[in-house]
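Fold and geometry: a report
Each chain, letter by letter, is given below.
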Amino acid sequence: QVQLVESGGGLVQAGGSLRLSCAASGIIFSINTMGWYRQAPGKQRELVATVTSDGNKNYADSVKGRFTISRDNAKKSVDLQMNSLKPEDTAVYYCHTEYPRLWGQGTQVTVSS
């Protein structure tokens, strides 16, 4: 059926940048909200950023001013541009959609100090 495919994770030094991408594969007609969550070692999964089909965006306070979320409705994809990365951004980042509710497998982002 439909699945979310993520890419763009990696290892960067503090202050660097990464761009995460997520695309829905398979047959899907529409997606209401697309976004990114992350889970750091020993912590609960938290919302990073979301964007609706109408273009409304929401960010966690910890990433405001540094991360930018965007989506392409035709491609059924969502990107997360991450700038000025900090060691505390280290986590597994998961693509997420609602509705329908889908989760990606996760991509590792590691920021070294």
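Predicted, not measured: the structure shown is a model, and the values here were computed from it. (Residues numbered from 1 in each chain as written. Predicted model: local features only at pLDDT ≥ 70, side-chain atom pairs only at ≥ 80, totals over all residues. Heavy atoms only, no water.)

Digging into the nonpolar core
The biggest cluster of nonpolar side chains holds 30 residues, and the ones touching the most others in it are Trp 36, Leu 80, Met 82 and Tyr 93. Elements represented by at least two residues in this core include exactly strand E3 (18-25), strand E4 (33-39), strand E5 (46-52), strand E7 (67-72), strand E8 (77-82), strand E9 (91-98) and strand E11 (107-112). Top element by residues in this core is E3. It accounts for four residues. Ignoring anything within four residues of it in the chain, the contact list for Leu 80 reads Leu 18, Arg 19, Leu 20, Trp 36, Val 48, Ala 49, Phe 67, Thr 68, Ile 69 and Tyr 93. (Core = buried A, V, L, I, M, F, W, Y, C linked by side-chain atoms within 4.5 Å. Buried < 20%, exposed > 50% of the residue type's maximum accessible area, 1.4 Å probe, protein only. Helix = DSSP H or I, 4+ residues; strand = E, 2+ residues; numbered from the N terminus. Contact = heavy atoms within 4.5 Å.)

Quick notes on the side chain of Glu 6
Take Glu 6: it is sitting in strand E1 (residues 3-7). With no salt bridge to any partner, buried Glu 6 finds its closest opposite charge in Arg 45, at an N-O distance of 8.1 Å. Separated by 3.2 Å, the side chain of Glu 6 and the backbone nitrogen of Gln 105 make a polar contact. A polar contact is formed between the side chain of Glu 6 and the backbone nitrogen of Gly 106, at a distance of 2.5 Å. Leaving out residues up to four positions away in the same chain, Glu 6 has contacts with Ser 21, Cys 22, Trp 36, Tyr 93, Tyr 94, Cys 95, Gly 104, Gln 105, Gly 106 and Thr 107. (Lys, Arg positive; Asp, Glu negative; His and termini not counted. Salt bridge = Lys/Arg side-chain N within 4 Å of Asp/Glu carboxyl O. Polar contact = N/O pair within 3.5 Å; in protein donor to acceptor, adjacent residues only side chain to side chain.)

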